[in-house]
Amino acid sequence: MRHIIIGAGAAGIQAAQTIRSLRPDASVLVIASDEYVHSRCMLHRYLSHERDEAGLSFVPEHFFEDQKIEQLLGVTVSGIDTGERRVILADGRAFPYDRLLIATGANSFIPPVGQFREANNVFGLRHLKDAQEIRALADPAEKILIVGSGLVGMDAAYAFLEQGKEITVVEMVDRILPLQLDETAGEAYRKLFEAAGCRFLLGKKATETVMNSSGAVETVILDDGTRIDCDLVLVAAGVRPAIECVKDSGIRAERFIEVDDYLKTSCEDVYAAGDVTGIAGIWPNAKKQGETAARNMCGQAVKYEDRYGMKNTMSFYGLTTLSLGRGAVQEGDQVIRCQDSKGYRRAILRGGKLDSILIQGAIDYSGVYQYVIKNQIDLSGIQTDIFHLSFADFYGVGERGQYLYS
Ligand SMILES: Cc1cc2nc3c(=O)[nH]c(=O)nc-3n(C[C@H](O)[C@H](O)[C@H](O)COP(=O)(O)OP(=O)(O)OC[C@H]3O[C@@H](n4cnc5c(N)ncnc54)[C@H](O)[C@@H]3O)c2cc1C
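Just so it is clear, the structure is predicted and the values come from calculations on it, not from any experiment.

## Thoughts on the overall build of the protein
No. 1: A tally of regular secondary structure across the protein gives 8 helices and 25 strands.
No. 2: The 406 residues of the protein split such that 50% are buried.
No. 3: Across the protein, the mean location of the 44 positive side-chain charges is 4 Å away from that of the 55 negative side-chain charges.

Written out as structure tokens, the structure reads:
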């Protein structure tokens, strides 16, 4: 049985390992545009010179040989012929598959602002190749503009501030880390970043650019007329799933590749996992999807059920924040907040169940929340304060899935 995996990220590598462990004799081929296996979560450490290329790898040195997994790194898949069951590379080569996994992740989205898309000093940060290009320009740069204050933007801001660069962050929302944090939690980080020298321009949009004769953007103009001079622009304004290779293949994909509960696509024997499915754009979920898809490719019938299990941790300047669950407040939700000596916490309850929790400061004893969210436990009627829940509060699960507490 010939298994092909497109992508050597969290999902692809986990899938390859899983297939190998379940099918010691099966043929497994990993094809990826990446030249090296690397963790995207660590790219800011490369920008700050804390790690080199080898230090970004998340597999052992001789992983492919030791696991007897074939690899073709540094090549791009341009198409999939689902009729003939072949994967077609940009260089014209074709490889037949019996089972195929698409784990192509996503690419940075560069909005069509001024000459952002043409300039030679404007980058997204998604692949090692991006980080290499950015670092080459960032090292001699003095002024760096970051567009977008999500996790990728703030990771990069932190890396550059550590290097003594002059950093400006532009964010169209009026607070930082808007998708990950609420106003209170974001404000705590804003103060820490400002103390480190970061300048924020919040509630403003980049609308125009001035490009010099060398093809570099040297000024970015905001919607309120503010002009920011810069040597380099890093755009951290979101990603788009990498679905180009499924074009005309019959595999259903609008913004994401559509998958069923078993992570199977609309085509027989073709699966998808990780950021390309749009289920959750974070590392642990991509890994879990890679494992689940691989199990299904090996004939097990395993559902991917971890749609609530989002987990994200961030830590800047000694302040840690853990967010569990989906995090966006909807109409009818009950939102509970608490600020005390341990830090700040916010819980969102939906229909008596914990949808998400944000814990900033002391994040110990958070395992119970992960369990409660992941299993969508009914907490209605519980007497313990939501921020002081522990496994000791419960002694069993009732017939309807609600917790019975002592
Ligand atoms: C800077 C940064 C920081 C992050 N920090 C965190 C964090 O702190 N915590 C967290 O949970 N998540 C974080 N993430 C998100 C996390 O990295 C992703 O969720 C995870 O990498 C998704 O894994 P994946 O396997 O789906 O895709 P990817 O890791 O993107 O891998 C995709 C693979 O597909 C290959 N590929 C794509 N198209 C083709 C093609 N046509 N042909 C051949 N190969 C192709 C690529 O080369 C790559 O090998 C961060 C992401 C970035 C960019």
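## Some remarks on the site of the ligand
No. 1: Surveying the vicinity of the ligand reveals 30 residues, the closest of which are Ala11, Asp34, Val77, Arg126 and Asp275.
No. 2: Within the backbone of tryptophan 283, a nitrogen or oxygen atom sits 2.9 Å from an oxygen atom of the ligand.
No. 3: Notes on the ligand: free accessible area 990 Å², of which the protein chains cover 92%.
No. 4: For the shell around the ligand, the secondary structure elements donating two or more residues are helix H1 (10-22), strand S2 (27-32) and helix H7 (283-297).
No. 5: The two domains that each donate at least three residues to the shell around the ligand are domain 1 (2-107 + 239-297) and domain 2 (122-235).

## Some thoughts on the domain arrangement of the protein
No. 1: Domain annotation for the protein reports domain 1 (2-107 + 239-297), domain 2 (122-235) and domain 3 (318-394).
No. 2: The centre of domain 1, based on its C-alpha atoms, is set 34 Å off from the matching centre of domain 3.

## Here we look at the sheet that holds strand S5 (residues 86-89)
No. 1: If you trace the 3 strands from one edge of the open sheet to the other, you get S4-S5-S6, paired in antiparallel fashion. At either margin of the open sheet sits one strand with a lone partner, and together these are strand S4 (77-81) and strand S6 (94-96). Ignoring strand direction, the axes of neighbouring strands in this sheet form an average angle of 20°.
No. 2: For S5 and S6, the ladder comprises 3 bridges, and the chain directions are antiparallel. Within S6, the position partnered with valine 87 by the bridge is phenylalanine 95.

## Quick word on the confidence of the model for the protein
Keep in mind that low pLDDT regions are not for reading the predicted coordinates in detail.
No. 1: This prediction gives the protein a mean pLDDT of 93; 96% of its residues lie at or above 70.
No. 2: The low-confidence segment residues 402-406 (pLDDT under 50) makes 23 contacts with residues lying over four places distant or belonging to another chain.

## Considerations on the packing of aromatic side chains
No. 1: In the structure shown here, the tally under the stated rule is 8 aromatic pairs.
No. 2: Measuring from ring centre to ring centre gives 6.4 Å for phenylalanine 193 and phenylalanine 200, while their planes differ by 80°; the resulting arrangement is edge-to-face.
No. 3: You can call phenylalanine 193 buried: its relative accessible area is 0%.
No. 4: Between phenylalanine 193 and phenylalanine 316 the ring centres are 5.1 Å apart and the planes differ by 65°, which places this aromatic pair in the edge-to-face class. In this pair, phenylalanine 193 is assigned in helix H6 (residues 183-195) and phenylalanine 316 in strand S19 (residues 311-316), connecting sequence segments 123 residues apart. For the pair formed by phenylalanine 193 and phenylalanine 316, the shared burial category is buried.
No. 5: Three or more aromatic residues joined by ring pairs form one cluster here, namely Tyr158, Tyr189, Phe193, Phe200, Phe316 and Tyr317.
No. 6: Positioned above the aromatic ring of tyrosine 46, the side-chain terminus of arginine 135 is 3.9 Å from the ring centre.
No. 7: If you follow arginine 240 out to its NZ or CZ, it ends over the ring of phenylalanine 109, 3.9 Å from the centre.

## Remarks on the sheet that holds strand S14 (residues 217-222)
Backbone-to-backbone hydrogen bonds join strands into a sheet, with any given pair of strands oriented parallel or antiparallel.
No. 1: Pairing in this open sheet of 3 strands is antiparallel, and the strands run S13-S14-S15 from one edge to the other. In this open sheet, the two strands that pair with only one neighbour each are strand S13 (206-211) and strand S15 (227-229). Adjacent strand axes in the sheet meet at a mean angle of 25° when their direction is disregarded.
No. 2: Taken together, the 5 bridges between S13 and S14 define a ladder with antiparallel strand orientation. By the bridge assignment, methionine 211 is partnered in S14 with valine 217.

## Quick notes on the pairing of strand S7 (residues 99-102)
Looking along a regular strand, one sees the side chains alternate between the two faces of the sheet.
No. 1: With burial as the criterion, each face of S7 is covered, one bearing Arg99 and Leu101 and the other bearing Leu100 and Ile102.
No. 2: Here 3 bridges tie S7 to strand S18 (residues 270-272), and the two strands are oriented parallel to one another. Paired with leucine 100 across the strands is valine 270, a residue of S18.

## Some words on the nonpolar core
No. 1: Of all hydrophobic cores here, the largest spans 39 residues; its most connected members are Ile134, Ile146, Met154, Phe160, Ile167, Tyr189 and Phe193.
No. 2: Breaking this core down by element, the ones donating at least two residues are helix H2 (43-47), helix H4 (128-138), strand S10 (143-147), helix H5 (151-162), strand S11 (166-171), H6, strand S16 (232-235) and S19.
No. 3: The element best represented in this core is H5, accounting for 8 residues.
No. 4: Among all residues touching isoleucine 167, those that are not within four sequence positions of it are Ile144, Ile146, Ala157, Phe160, Leu161, Gly197, Cys198 and Arg199.
No. 5: Formed by 27 residues, the second largest nonpolar core is a distinct cluster that contains Ile5, Ala8, Val28 and Ala286.

The rules behind each value
Residues numbered from 1 in each chain as written. Predicted model: local features only at pLDDT ≥ 70, side-chain atom pairs only at ≥ 80, totals over all residues. Heavy atoms only, no water. Helix = DSSP H or I, 4+ residues; strand = E, 2+ residues; numbered from the N terminus. Buried < 20%, exposed > 50% of the residue type's maximum accessible area, 1.4 Å probe, protein only. Lys, Arg positive; Asp, Glu negative; His and termini not counted. Charge placed at Lys NZ, Arg CZ, Asp CG, Glu CD. Near = heavy atom within 4 Å. Polar contact = N/O pair within 3.5 Å; in protein donor to acceptor, adjacent residues only side chain to side chain. Areas by Shrake-Rupley, 256 points an atom, 1.4 Å probe, with all protein chains shown as cover. Domains from an automatic or database assignment. Pairing = 2+ DSSP bridges. Axes fitted to C-alpha atoms, helices over the stretch in contact; angles between N-to-C directions. pLDDT = per-residue confidence, 0-100. Contact = heavy atoms within 4.5 Å. Phe/Tyr/Trp six-rings, centres within 6.5 Å; stacked < 30°, edge-to-face > 60°. Lys NZ or Arg CZ within 6 Å of the ring centre and 35° of its normal. Core = buried A, V, L, I, M, F, W, Y, C linked by side-chain atoms within 4.5 Å.

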